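Structure at a glance
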Amino acid sequence: MGATDAEKEQSVYESTAARFDAAADKLKLDDGLRKYMRCPNREIIVHIPVEMDRGELDIFDGYRVQHSLARGPSKGGIRFAPNVTLDEIRGLAAEMTWKCAVVNIPFGGAKGGVVCDPEKLSRGELERITRRYTAEILDYIGPERDVPAPDMNTDEQIMAWMMDTYSMHVRHTVTASVTGKPLDLGGSRGRREATGRGCMIVCDQALKRFGRTRDGTRVIVQGFGNVGSQAARLMHEAGYKIVGVADVHGGVVNSRGLDVHALLDHSREAKTVKGFAGGEPIDPEEILEQECDVLLPAATENVIHGGNAARVKASILVEGANSPTTPHADEILFDRGVFVVPDILANAGGVTVSYFEWVQDRQGYFWSENDVNRRLRRIQVAAFDDIVRYGKNHKVNNRIAAYMLAIDRVAFSLRHRGIYA
Ligand code: GLU
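Model, not experiment: these values are computed from the prediction. Positions within a chain are numbered from 1, following the residues in the order the chain's sequence is written. Per-residue local features of the predicted model are confined to residues with pLDDT of at least 70, and side-chain atom pairs are confined, for both listing and counting, to 80 or more; whole-chain, interface and lining totals are unaffected and use all residues. Side-chain numbers come from the whole structure's heavy atoms, not from hydrogens or water.

**A short note on the packing of aromatic side chains**
Note the threshold: Stacked, tilted and edge-to-face are the three classes applied to pairs of Phe, Tyr and Trp rings, where Trp contributes its six-membered ring and a pair requires centres within 6.5 Å; stacked means planes under 30 degrees apart, edge-to-face means over 60, and tilted covers the rest. In DSSP terms, a helix is any run of H or I states spanning at least four residues, a strand is any run of E spanning at least two, and both are numbered starting from the N terminus. Relative accessible area decides the class of each residue, using a 1.4 Å probe on protein chains only: under 20% of the type maximum gives buried, over 50% gives exposed, and in between gives partly exposed. Comment: the charge-over-ring label is applied if NZ (Lys) or CZ (Arg) is within 6 Å of the ring centre and within 35 degrees of the ring normal.
What the rule picks out here adds up to nine aromatic pairs. Considering the side-chain rings of F20 and W98, the 5.5 Å spacing of their centres and the 20 degrees angle between planes classify their relative orientation as stacked. Here W98 lies in helix α4 (residues 86-102) and F20 lies in helix α2 (residues 12-27), a separation of 78 residues in the sequence. On the basis of relative accessibility, which here comes to 2%, the residue F20 falls in the buried class. Ring geometry for W98 versus Y403: centroids 6.5 Å apart, planes at 45 degrees, classification tilted. Linking W98 in helix α4 with Y403 in helix α14 (residues 398-417), this pair joins segments that are 305 residues apart in sequence. Across the pair, exposure class does not vary: W98 and Y403 are buried alike. Site record: aromatic cluster; members linked through ring pairs are F107, Y355, F356, W358 and W367. Over the aromatic face of Y13 sits the side chain of R90, whose NZ or CZ is 5.7 Å from the ring centroid. Above the face of the W358 ring, R362 is positioned so that its terminal group lies 4.2 Å from the ring centre.

Structure (structure tokens):
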């Protein structure tokens, strides 16, 4: 059984707004602030002309939504995908505001996207799309305004092109204009692994609550992009047993544990985990319902819904992706006692190390990997503890607790700044 029609129609924006409303009710947030925080600050739509390799001109739609600037410059990734919509970007931008507030870093939230299929684009086309998109939104971005980063299908190379385009326009190199860059171009040590490492940190904390340890804890990872592959590798190296991995093309399971290093080699070659000889093949949809202790969705939105939530076997859900669980599934998981580490906490490792990257670029002084990882751990453990405590005190689940904590922090800034008229 799949997602219900109503769930399919419910966009990330609607899910985020529903969660915002639930948390705002609990906080008894006044109507004015509620209206203000519910809607984005600014939405930019651009139509990008690009010369394709075949000699013709194509037009690509691009978006950048800045949801909040209350606590600092807005921050968030840029995704390249065929199904990107303004509504999705709007929802994800709001999620970034709450995410940055949950880990208490001095940023607001933003998100961007270009409607394109990177699998069908040459490197040159990808570069031209990236540069023209950056040029189109240039007046609204920058280290003090809005700082882009990688997201779905965008990587260090794309961030390098964005940084270069920005720098060419302002006539000097501004490494702090973008994060997630290559190490030798103002990138931070540990940024590539940061989201996956953050997932492991919060998973460790969740296990502690159940009096359990990493050793032999069975994990299933859905998605093998940057987040999923790094989480699987780090957790495998730390003693977790990765019993299943899937991507859009296929999945593989092994109850004795997958050799994640061999799987990484395979997926580097084959561009998918499908066909890996070290386990049994499985349908990528079914993987979410397999026996495991920890489920780590690290692919895309709304994959856990009313149609499959009751069959999730894991007792801990660590949301590596943004918005992988629908509000309907939330209720089912809560009733079944599944311990959910919500996305805005679980995957906040990426933006936290982006913050470190921005700080290092502005100082021109770079930290060791140990420093980065130590500071990341400190921030995520503190946020985890804050949320669990907040949830207990206010008798709400972890997700609503995370939203409440975040909204309260943003509301504090807005109240004290006041409204400029
Ligand atoms: N795209 C990532 C996210 O959704 C990282 C954003 C950033 O580093 O600014 O959290």
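**Things to note about the packing of helix α8 (residues 226-237) against helix α9 (residues 260-270)**
Put simply, the rule reads: Fitting a line to C-alpha atoms yields each axis, with helices limited to the stretch in contact; the angle taken between N-to-C directions then spans 0 to 180 degrees. Angular relationships are summarised with four words: roughly parallel below 35 degrees, roughly antiparallel beyond 145, roughly perpendicular across 65 to 115, and oblique for the angles in between. Contact definition: two residues touch when any of their heavy atoms are within 4.5 Å. Note that Gly is not counted as nonpolar here; it falls among the polar residues with everything else outside the nonpolar set of Ala, Val, Leu, Ile, Met, Phe, Trp, Tyr, Cys and Pro and the charged set of Asp, Glu, Lys and Arg.
Running from N to C, α8 and α9 point in directions that differ by 155 degrees, and their axes come no closer than 9 Å. Taken together, α8 and α9 sit at an angle that is classed as roughly antiparallel. Here S229, A232, R233, H236 and E237 of α8 come into contact with α9, specifically with V260, H261 and L264. Of the residues that constitute the contact of α8 with α9, the class distribution is three nonpolar, three polar and two charged.

**Quick look at the environment of L138**
Relative to the elements of secondary structure, L138 occurs in the loop between α5 (123-137) and β5 (146-150). Between the C-alpha atoms of L138 and M162, which are 24 residues apart in sequence, the distance is 9.8 Å.

**Observations concerning the sheet that holds strand β6 (residues 218-222)**
Here is the rule we go by: Pairing between strands requires that DSSP locate at least two bridges from one strand to the other.
Read across the sheet, seven strands follow the order β9-β8-β7-β6-β10-β11-β12 without closing on themselves; strand pairing throughout is mixed. The sheet is open, and its two borders are formed by β9 (280-282) and β12 (339-341), each paired with just one other strand. Pairs of neighbouring strands in the sheet enclose a mean axial angle of 20 degrees, with direction left out of account. Pairing of strand β7 (residues 241-246) with strand β8 (residues 251-253), which is carried by three bridges, proceeds in the antiparallel orientation.

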